[in-house]
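# Structural overview for review
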Amino acid sequence: MTDTYLYLIHEPDWDSDAFLGGGTGVPGGEPHNNFAEHRVFQEAVERLGARIVGASALQNARHGGRVTPGAGDRVETDAVYSDGPYPDTSEVVSGYYMVETDDEALARRIAALVPTGGHIEWRKVFPIS
């Protein structure tokens, strides 16, 4: 049976806005040169016989936040919202990969290959359907 693993990239936040708008990515860089380490990772996953089924970079934490929902029928009314970055950590989830493989040992090896300036959290996805 093939399982799906989620790899959360935890690292210091990044200036996602530098990659938007002008279309040049890193200031002074060419778009095709951006995220080169991620292209290398994607090629390695394919060579290992696994398959990436989802992936995305997340924008800077200022474009989101966190919420602690209220209780009972006051889920929204009593919700407590806060902006990022969060005082309890210097890292955020800056992106993720979802990879299919039927080998748990391979899933662990892949975790070590994910490019990051911090650390990777990897988890098997619970099968819902």
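Our structure's up above, just so we're on the same page.
Described in the following lines is the structure provided in the data block. These figures come from a predicted structure and were not determined experimentally.

The next thing to look at is the packing of aromatic side chains. Where two aromatic rings form a pair, the distance of their centres and the angle of their planes describe that pair. With the rule as written, the count across this model stands at 3 aromatic pairs. Where Tyr5 meets Trp122, the ring centres are 5.9 Å apart and the plane angle is 45°; that geometry is what we call tilted. Of this pair, Tyr5 sits in strand E1 (residues 3–11) while Trp122 is found in strand E6 (residues 119–124), placing the two residues 117 residues apart along the sequence. You can call Tyr5 buried: its relative accessible area is 2%. Aromatic side chains Trp14 and Phe35 sit 5.9 Å apart centroid to centroid with 85° between the ring planes, which places their arrangement in the edge-to-face category.

Of the pairings in the sheet, the one linking E1 to strand E5 (residues 92–101) comprises 9 bridges and is antiparallel in character. When the bridges of E5 are listed, Ile9 appears paired with Gly95.

Turning our attention to helix H2 (residues 104–113). Every buried residue of H2 is listed here: Leu106, Ala107, Ile110 and Ala111. Relative to the axis of H2, the buried residues are bounded by an arc of 150° and lie together on one face. Looking at H2, the residues exposed on the side facing more than 90 degrees away from the buried face are Arg108, Arg109 and Ala112. The inward-facing, buried residues of H2 abut E1, helix H1 (36–47), E5 and E6. For H2, the capping residue at the N-terminal end is Asp103, with a side-chain oxygen 2.9 Å from the backbone nitrogen of Ala105.

Below, the discussion takes up the environment of His63. Along the chain, the position of His63 falls in the loop between strand E2 (51–57) and strand E3 (65–68). Classification of His63 by relative accessible area gives partly exposed; the value is 48%. Put simply, His63 and Asp83 are 20 residues apart on the chain and 8.7 Å apart in space, counted from C-alpha to C-alpha. Here His63 is in contact with Ser16 and Asp17, once residues within four sequence places are set aside. Side-chain polar atoms of His63 contact the side chain of Asp17, separated by 3.1 Å.

Cut-off values and rules
- Residues numbered from 1 in each chain as written.
- Predicted model: local features only at pLDDT ≥ 70, side-chain atom pairs only at ≥ 80, totals over all residues.
- Heavy atoms only, no water.
- Phe/Tyr/Trp six-rings, centres within 6.5 Å; stacked < 30°, edge-to-face > 60°.
- Helix = DSSP H or I, 4+ residues; strand = E, 2+ residues; numbered from the N terminus.
- Buried < 20%, exposed > 50% of the residue type's maximum accessible area, 1.4 Å probe, protein only.
- Pairing = 2+ DSSP bridges.
- Arc of directions from axis to C-beta.
- Contact = heavy atoms within 4.5 Å.
- Polar contact = N/O pair within 3.5 Å; in protein donor to acceptor, adjacent residues only side chain to side chain.

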